[in-house]
Amino acid sequence: MRLLIMGPPGAGKGTQARLIAEHYRIPAISTGDIFRAMKTADTPLARQVRDIMDSGGYVSDDITNQIVAERLAESDCEPGFLLDGYPRTIDQVETLDAALAASNTPLDVVLSLQADEDEVVARLLKRAEVEGRSDDNEDTIRVRQAVYAEQTAPLLDVYRDHGLLVEVDGLGEIDDVSERVFKALDAKLGESS
Ligand code: ADP
């Protein structure tokens, strides 16, 4: 299965991504995790990524597209993959689509995890206390929500038009959400096979 998980920052994508990956035995690839690992290095690129992330903006499409293409070419992605946090812009959608079409391995489903803004801001502030992520402060969180609404939420319409979108309510206990997600994904996969 090849799928994307989308949703506003704080909707619980990372948590659900890990559970989905385990359940369907596919790798979960998070561009946020890749960039967080990258930004600790002392190189010009790492410094650039660090500054962008700490401001709440998006890393450039060129860098992001290249990093994802390299990751998807690894052999563990042959049975499928789950992308978390990518694509986030129209350019990234088009680049991914073209790459997957070229290898005749199109997406099977795009999962949208839904949560309202007050709930996600509250969750992110709590995560800031627990994990200490440098981009989890209130100002950056507001910027990330706004950038998501402006640049990434419209991508859901694109995938809806392609007949790929499945929407799941992300509120509630983690296990309840994942049960809902597995059911919705299985229904969608059954529909297309
Ligand atoms: P969240 O979903 O909570 O915002 P992520 O871990 O997915 O967190 O991403 C953290 C940051 O990493 C983003 O705010 C952005 O700066 C950068 N990033 C992650 N994925 C992408 C992407 N596909 N394109 C551009 N920047 C990205």
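For the structure, see preceding data.
Residues numbered from 1 in each chain as written. Predicted model: local features only at pLDDT ≥ 70, side-chain atom pairs only at ≥ 80, totals over all residues. Heavy atoms only, no water.

Enquirer: Can you lay out the overall build of the protein chain for me, pointing to particular residues and giving the numbers?
Expert: The helix and strand tally for the protein chain stands at eight helices and five strands. Secondary structure elements in the protein chain, listed N-terminal to C-terminal, are β-α-β-α-α-α-β-α-β-α-α-β-α. Computed over its C-alpha atoms, the radius of gyration of the protein chain comes to 16 Å, within 12% of the 16 Å expected for a compact globule of 193 residues. Dimensions of the protein chain along its principal axes, counting C-alpha atoms only, are 45 × 35 × 30 Å. The burial tally for the protein chain puts 46% of its 193 residues in the buried class. Of the contacts made within the protein chain by residues no fewer than 6 positions apart, 72% connect residues no fewer than 24 positions apart. Accessible surface for the protein chain amounts to roughly 9,800 Å². Of this, 50% is attributable to carbon and sulfur atoms. (Helix = DSSP H or I, 4+ residues; strand = E, 2+ residues; numbered from the N terminus. Rg over C-alpha atoms; globule rule 2.2 N^0.38 Å. Buried < 20%, exposed > 50% of the residue type's maximum accessible area, 1.4 Å probe, protein only. Contact = heavy atoms within 4.5 Å. Areas by Shrake-Rupley, 256 points an atom, 1.4 Å probe, with all protein chains shown as cover.)

Enquirer: Provide a residue-level description of the packing of aromatic side chains, including the pertinent values.
Expert: The final tally for this structure, using the stated rule, is one aromatic pair. Here the aromatic rings of Tyr-24 and Phe-182 are separated by 6.0 Å at their centres, their planes lie at 80°, and the arrangement is edge-to-face. With Tyr-24 in helix H1 (residues 13-24) and Phe-182 in helix H8 (residues 174-192), this pair connects stretches of sequence that are 158 residues apart. (Phe/Tyr/Trp six-rings, centres within 6.5 Å; stacked < 30°, edge-to-face > 60°.)

Enquirer: Please provide a residue-by-residue account of empty space enclosed by the protein, values included.
Expert: Tallied over the entire structure, the rule returns one cavity of 30 Å³ or more. Computed from the structure, the largest cavity encloses a volume of approximately 70 Å³. Contributing elements (two or more residues each) for the lining of the largest cavity: strand S1 (2-6) and helix H7 (138-161). (1 Å grid on protein atoms, 1.4 Å probe; cavity = no way out; pocket = protein on both sides within 12 Å on 5 of 7 lines; lining within 4 Å. Points joined across faces, edges and corners; volume = space filled by probe spheres on them.)

Enquirer: Outline unusual backbone geometry, listing residues and values.
Expert: For the peptide bond that leads from Tyr-86 to Pro-87, omega is -5°, which places it in the cis range. By the secondary structure assignment, Pro-87 is in the loop between strand S3 (81-84) and helix H5 (90-102). Positioned with a positive phi, Asn-104 is a non-glycine residue whose angle comes to about 55°. For Asn-104, the location among the structural elements is in the loop between H5 and strand S4 (109-114).

Enquirer: Describe the pattern of salt bridges, listing the residues and the values that go with them.
Expert: Applying the stated rule across the entire model yields 15 salt bridges. Residue Arg-144 pairs with Asp-136 through a salt bridge whose shortest N-O separation is 3.2 Å. Judged by relative accessible area, Arg-144 falls into the buried class, the value being 11%. For Glu-138, the salt bridge goes to Arg-142, with nearest N and O atoms at 3.3 Å. One end of the pair is Glu-138 and the other is Arg-142, both in helix H7 and four residues apart, which spans about a single turn. Residue classification places Glu-138 among the partly exposed residues on the basis of a relative accessible area of 40%. You can call Arg-142 partly exposed: its relative accessible area is 38%. Ionic contacts of the salt-bridge type, sharing partners, join the residues Arg-127, Arg-133, Asp-135, Asp-136 and Arg-144 into one network. (Salt bridge = Lys/Arg side-chain N within 4 Å of Asp/Glu carboxyl O.)

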